[in-house]
Amino acid sequence: MRPSILLSILFAATAASAQSSVVVGRDLGTLGGLESFAVDVNDQGMVVGHSSMTGNAAGHAFAWTESSGMIDLGTLGGTNSGAEAVNDQGMVVGRSTTTGNAADHAFAWTESTGMIDLGTLGGTYSFAKAVNDQGMVVGRSRTTADAAEHAFAWTESSGMIDLGTLGGTSSFAFAVNNQGMVVGGSETADAVTHAFAWTESSGMIDLDTLGGDLSAAYAVNDQGVVAGRRVVRGYSRSIAFRWTESRGMINLRNEIVRRFSSGANAVNAGGMVVGWADARPAKWGTPRIRHAVAWTPEGRMIDLGTRGTHSDALAVNDQGIVVGTTPDSAWHAFAWTESTGMIALGTQDGDIESYAVAVNRSGQVVGWSRVLSGAAHAVLWQVD
């Protein structure tokens, strides 16, 4: 069967199921304030994010479980904090203002230790973005005298270490796998950002741009498959890529309209990459529309469709459940599987806007929904 025919069949199935299926979400509440936002969920169903406090003058990182409900993770002495990620051991990482409401520092929180300050690389600011199951935390930090931001890795045994750059001034880490491989972007000596991978044995290596203007890596799985995007043609177009040590960087083609842009956001254990690809606009001269897509390990692209005009896939689990957002009257959360196509993720009270940003092995999806009152609440959906 030709790829174009297969894509048409998949798109038709997606559109048909999207009209008939809605998964109702669970409102996780707040820490006493008006709003809350969930950003990650581990395989044990622990949800993390941030919530406004009573009076709405401050926001704190939270963790939610079925048994405990939403708990306040506190701060590093300042007013505000927010969680960014959680591993399967329940270690939460993020950033918090410090005593006297000084600049944010990266933190790690566990039930036994509470919130601890991970420090900086000599400057005033640091930010934790991701954590693996061994407790290795990665992010970015200001260096001495706040001269630049560098990617860092932190472990309990080594503390915070500077991952360096590819010869330029700054670098930033987005993700880390369970083998300790860190990926992100770094400036080179000629001040161009290139995607990088870092390991303790190899240090920081340049993943290239394939002749483009710049590149950045956003995700890596435990097999060392890296996903991201590169920018070409004078910053006018982006192209999703997959990188492996054996093959290097390869383009993930936009099979909707080959010369239009695409981008990768996540990769699962099987090497399935998800993200977005620009589709042809309704008529020339109008803005391009964006479709959520998935690329198979072989590089074939599947158009996940939309429930309106645009859509974007933000996360995928190892079972192939893809989640993201798509607008009908407004941006709404969706989940997609090969068997169901794209299904809407709603709330008990109805919503005017919602986003799904993470999904665990059990099909628990988290994000947030802006309900009819206008407030956004953290939401948990179960997709079977």
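Residues numbered from 1 in each chain as written. Predicted model: local features only at pLDDT ≥ 70, side-chain atom pairs only at ≥ 80, totals over all residues. Heavy atoms only, no water.

Section: the pattern of salt bridges
Phase 1 of the analysis: One pass over the full model with this rule turns up 10 salt bridges.
Phase 2 of the analysis: For Arg-370, the salt bridge goes to Glu-35, with nearest N and O atoms at 2.9 Å. Remark: Glu-35 occurs in strand β2 (residues 32-41) and Arg-370 occurs in strand β31 (residues 364-370); sequence separation between them is 335 residues.
Phase 3 of the analysis: Relative accessible area serves as the criterion here: at 24%, Arg-370 is assigned to the partly exposed category. (Salt bridge = Lys/Arg side-chain N within 4 Å of Asp/Glu carboxyl O. Helix = DSSP H or I, 4+ residues; strand = E, 2+ residues; numbered from the N terminus. Buried < 20%, exposed > 50% of the residue type's maximum accessible area, 1.4 Å probe, protein only.)

A word on the packing of aromatic side chains
Any pair of aromatic rings gets described here by the distance separating the centres and the angle formed by the planes.
Phase 1 of the analysis: All told, the structure shown has 4 aromatic pairs when counted by the stated rule.
Phase 2 of the analysis: Ring centres of Phe-37 and Trp-368 lie 5.2 Å apart, and the angle between their planes is 75°; on these two criteria the pair is classed as edge-to-face. Residue Phe-37 is located in strand β2, and its partner Trp-368 is located in strand β31; the two are separated by 331 residues in the primary sequence. You'll find Phe-37 and Trp-368 in the same group, each marked buried.
Phase 3 of the analysis: Ring centres of Phe-174 and Tyr-218 lie 5.1 Å apart, and the angle between their planes is 55°; this geometry places the pair in the tilted category. In this pair, Phe-174 is assigned in strand β14 (residues 167-176) and Tyr-218 in strand β18 (residues 214-220), connecting sequence segments 44 residues apart.
Phase 4 of the analysis: Taken together, the ring pairs connect Phe-37, Tyr-355 and Trp-368 into an aromatic cluster.
Phase 5 of the analysis: Sitting above the plane of the Trp-276 ring, Arg-290 keeps its charged end 3.5 Å from the centroid. (Phe/Tyr/Trp six-rings, centres within 6.5 Å; stacked < 30°, edge-to-face > 60°. Lys NZ or Arg CZ within 6 Å of the ring centre and 35° of its normal.)

Quick word on the confidence of the model for the chain
Phase 1 of the analysis: Looking at the chain, pLDDT values average 92 and 93% of them are 70 or higher.
Phase 2 of the analysis: Counted against residues more than four places away or in other chains, residues 1-20, with its pLDDT under 50, gives 25 contacts. (pLDDT = per-residue confidence, 0-100. Contact = heavy atoms within 4.5 Å.)

Focus: the side chain of Gln-364
Phase 1 of the analysis: With respect to the helices, strands and loops of the structure, Gln-364 is situated in strand β31.
Phase 2 of the analysis: What makes Gln-364 buried here is its relative accessible area of 17%.
Phase 3 of the analysis: At 2.8 Å, the side chain of Gln-364 forms a polar contact with the side chain of Asn-360.
Phase 4 of the analysis: Leaving out residues up to four positions away in the same chain, Gln-364 has contacts with Val-41, Gly-45, Ala-358, Val-359, Leu-380, Trp-381 and Gln-382. (Polar contact = N/O pair within 3.5 Å; in protein donor to acceptor, adjacent residues only side chain to side chain.)

Some thoughts on unusual backbone geometry
Phase 1 of the analysis: Located in the positive-phi region is Asn-101, a residue other than glycine, with phi close to 55°.
Phase 2 of the analysis: For Asn-101, the location among the structural elements is in the loop between β7 (92-98) and β8 (102-110).

Details of the pairing of strand β25 (residues 301-305)
Phase 1 of the analysis: With 5 of its 5 residues buried, β25 lies for the most part within the structure.
Phase 2 of the analysis: Burial of the side chains of β25 extends over both faces: Met-301, Asp-303 and Gly-305 are buried on one face and Ile-302 and Leu-304 on the other.
Phase 3 of the analysis: Following strand β24 (residues 289-295), the chain reverses through 5 residues before pairing antiparallel with β25; Gly-299 in that reversal takes a positive phi of roughly 95°. (Pairing = 2+ DSSP bridges.)

Quick look at the environment of Met-115
Phase 1 of the analysis: Mapped onto the fold, Met-115 is located in strand β9 (residues 114-117).
Phase 2 of the analysis: The class of Met-115 is buried, set by a relative accessible area of 16%.
Phase 3 of the analysis: Taking the C-alpha atoms as reference, Met-115 lies 10.0 Å from Gly-94; in sequence the two are 21 residues apart.
Phase 4 of the analysis: If near-sequence neighbours (up to four positions away) are discounted, Met-115 is found in contact with Leu-73, Gly-74, Thr-75, Leu-76, Ser-81, Ser-96, Phe-107, Ala-108 and Trp-109.

What about the sheet that holds strand β22 (residues 262-267)?
Phase 1 of the analysis: Read across the open sheet, the 4 strands follow the order β22-β23-β24-β25; overall the sheet is antiparallel. The sheet terminates laterally at β22 and β25, the two strands that pair on one side only. Across this sheet, the average inter-strand angle for adjacent strands is 35°, counted without regard to direction.
Phase 2 of the analysis: Sheet topology note: the β24/β25 ladder contains 4 bridges and is antiparallel. Within β25, the position partnered with Trp-295 by the bridge is Met-301. (Axes fitted to C-alpha atoms, helices over the stretch in contact; angles between N-to-C directions.)

Observations concerning the environment of Pro-297
Phase 1 of the analysis: Mapped onto the elements of the fold, Pro-297 is located in the loop between β24 and β25.
Phase 2 of the analysis: The partly exposed category is assigned to Pro-297, whose relative accessible area is 45%.
Phase 3 of the analysis: As a C-alpha pair, Pro-297 and Asp-117 span 180 residues in sequence and 39 Å in three-dimensional space.
Phase 4 of the analysis: Not counting residues up to four positions away in its chain, the partners in contact with Pro-297 are Arg-242, Gly-270, Gly-271 and Met-272.

Let's talk about the sheet that holds strand β29 (residues 341-347)
Phase 1 of the analysis: Strands sit in the order β26-β27-β28-β29-β1-β32-β31-β30 across an open sheet of 8 strands; the sheet is mixed. Each of the sheet's edge strands pairs with one partner strand only, and the pair in question is β26 (312-316) and β30 (353-359). Strand-to-strand, the axes of this sheet are offset by a mean angle of 35°, without reference to chain direction.
Phase 2 of the analysis: Where strand β28 (residues 331-337) and β29 come together, 4 bridges link them in antiparallel fashion. From the neighbouring strand, Ala-335 faces β29, where its bridge partner is Ile-343.

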